[in-house]
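Listed here are the chains, written in short residue letters.
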Amino acid sequence: MADEIYKSQIKQKIAQFEREKEQVLAHLELVERRIKWLKQALDVMDVDSKDIQQFDTEHFQYRVYRKQFNGKITQLIQRVMKAEPERYWRVLELTEAVLIADKQPNTAISEYHTKNIATALIRLVKKGLVEKVVVKKHKIIQWKWIEKVR
């Protein structure tokens, strides 16, 4: 009689372990899928920007997101313009000076750099820190630091 009770308890324990085994295997499969997914994400992140640029069209450019400037653009512009307050700057000249101030002297200036600088300059004009000078005859736009008189 005691044999039957032990046998049924052992059978119950075996059934319990079988259920746990199924749960563990399902969890292991889930973990394996997540590991595979994260490895794929790493592979995607390692794609070279030249591989992406081959799909550029005339009207749209694909690019890998990368910060153009290490520091804050408006602060860098202010620092550069305050160093030479009497100077009139073009966007390209200012972009070059800002990249040097941002410790990126060898970085090639792209359209993205100049657009970011021009946008930041417009914000500074709205704040009243920079003056925009347009020479319509030569189609030149220049920017100058406004010195506050106290």
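Since the structure is predicted, the reported quantities are computational estimates derived from the model, not experimental observations.

### A look at the packing of aromatic side chains
Under the defined criterion, the tally for this structure stands at zero aromatic pairs. Directly above the aromatic system of Trp89 lies the positively charged group of Arg87, at a separation of 3.9 Å from the ring centroid. Lying over the aromatic face of Tyr88, Lys144 brings its terminal NZ or CZ to 5.8 Å of the ring centre.

### Description of the packing of helix H3 (residues 73–83) against helix H4 (residues 91–101)
Running from amino to carboxyl end, H3 crosses H4 at an angle of 105°, the nearest separation of the two axes being 9 Å. In this view, H3 runs roughly perpendicular relative to H4, as classed from their interaxial angle. Along the contact surface, H3 presents Leu76, Ile77, Arg79, Val80 and Met81, while H4 presents Leu94, Ala97, Val98 and Ala101. Its residues placed into classes, the contact of H3 with H4 shows eight nonpolar, no polar and one charged.

### What to know about the pattern of salt bridges
This model, assessed by the stated rule, comprises three salt bridges. Linking Arg87 and Glu93 is a salt bridge whose minimum nitrogen-to-oxygen distance equals 3.6 Å. Close ionic contact of Glu111 with Lys115 constitutes a salt bridge, the shortest N to O distance being 3.1 Å. Pair noted here: Glu111 and Lys115 are both in helix H5 (residues 111–127), with a separation of four residues, about one helical turn. With relative accessibility at 48%, the residue Lys115 sits in the partly exposed group.

### Digging into a nonpolar patch on the surface
On the surface, Tyr6, Ile10 and Ile14 cluster together into a nonpolar patch covering about 330 Å² of accessible area. In this structure, Ile14 sits in helix H1 (residues 2–45). Exposure remark for Ile14: the relative accessible area of 47% places this residue in the partly exposed category.

### Points about the pairing of strand S2 (residues 130–135)
As judged from the six bridges shared by S2 and strand S3 (residues 140–145), these two strands associate in the antiparallel manner. Directly across from Val133, in S3, lies its bridge partner Gln142. Here S2 hands over to S3 after four residues, with Lys139 in that stretch at a positive phi of 55°.

### Quick word on the side chain of Gln104
Structurally, the position occupied by Gln104 is in the loop between H4 and H5. On the basis of relative accessibility, which here comes to 11%, the residue Gln104 falls in the buried class. Only 2.7 Å separates the side chain of Gln104 from the side chain of Asp102, close enough to count as a polar contact. Ignoring sequence-local partners within four residues, the contact set of Gln104 consists of Gln68, Phe69, Asn70 and Leu99.

### Looking at the sheet that holds strand S1 (residues 88–89)
Read across the sheet, three strands follow the order S1-S3-S2 without closing on themselves; strand pairing throughout is antiparallel. The open sheet is flanked by S1 and S2, the only strands paired with a single partner. Relative to S3, H3 is tilted by about 80°, and along the sheet it contacts S1, S2 and S3. In the packing of H5 onto the sheet, contacts are made with S2 and S3, and the angle to S2 comes to roughly 115°.

### Overview of H3
Think of an α-helix as 3.6 residues a turn; residues three or four steps apart then line up on the same face. The complete set of buried residues in H3 reads Ile73, Thr74, Leu76, Ile77, Gln78, Val80 and Met81. For H3, the elements touching its buried residues are S1, H4, H5, S2 and S3.

Reading guide: rules and limits
Once a new chain begins, its residue numbering starts again from 1 and follows that chain's sequence as written. Under the rules for a predicted model, residues below a pLDDT of 70 receive no local features and side-chain atom pairs below 80 are neither given nor counted, while totals for whole chains, interfaces and linings still include all residues. The side-chain quantities take in all heavy atoms of the structure and omit both hydrogens and water. Note on aromatic pairs: the rings of Phe, Tyr and Trp (six-membered ring only in Trp) are paired at centre separations within 6.5 Å, and the planes decide the class, stacked below 30 degrees, edge-to-face beyond 60, tilted for the rest. Note on geometry: a ring has a charge over it if NZ (lysine) or CZ (arginine) is within 6 Å of the ring centre and within 35 degrees of the ring normal. Lines fitted to the C-alpha atoms define the axes, with helices restricted to the stretch that makes contact. Angles between their N-to-C directions range from 0 to 180 degrees. Numbering of helices and strands runs from the N terminus, with a helix taken as a DSSP run of H or I at least four residues long and a strand as a DSSP run of E at least two residues long. Working rule for angles: under 35 degrees goes down as roughly parallel, over 145 as roughly antiparallel, 65 to 115 as roughly perpendicular, anything else as oblique. Contacts were defined at the residue level, with two residues in contact if any of their heavy atoms lie within 4.5 Å. Think of it as three bins: nonpolar holds Ala, Val, Leu, Ile, Met, Phe, Trp, Tyr, Cys and Pro, charged holds Asp, Glu, Lys and Arg, and polar takes everything else, Gly as well. The rule for a salt bridge is simple: a side-chain nitrogen of Lys or Arg has to be within 4 Å of a carboxyl oxygen of Asp or Glu. Each residue is assigned to one of three classes by its accessible area relative to the maximum for its type, calculated with a 1.4 Å probe on protein chains only: buried under 20%, partly exposed between the two thresholds, exposed over 50%. Two joining distances apply to patches: 9 Å for like charges and 5 Å for nonpolar side chains (Val, Leu, Ile, Met, Phe, Trp, Tyr), and every residue must have over 30% relative accessible area and no salt bridge. Only the protein chains shown count as covering a residue, and every accessible area follows the Shrake-Rupley method with a 1.4 Å probe. Being paired, for any two strands, means DSSP has found at least two bridges between them. Pairs of N or O atoms are called polar contacts if they sit within 3.5 Å, as long as, within protein, a hydrogen donor faces a hydrogen acceptor (for residues adjacent in sequence, only side-chain-to-side-chain pairs).

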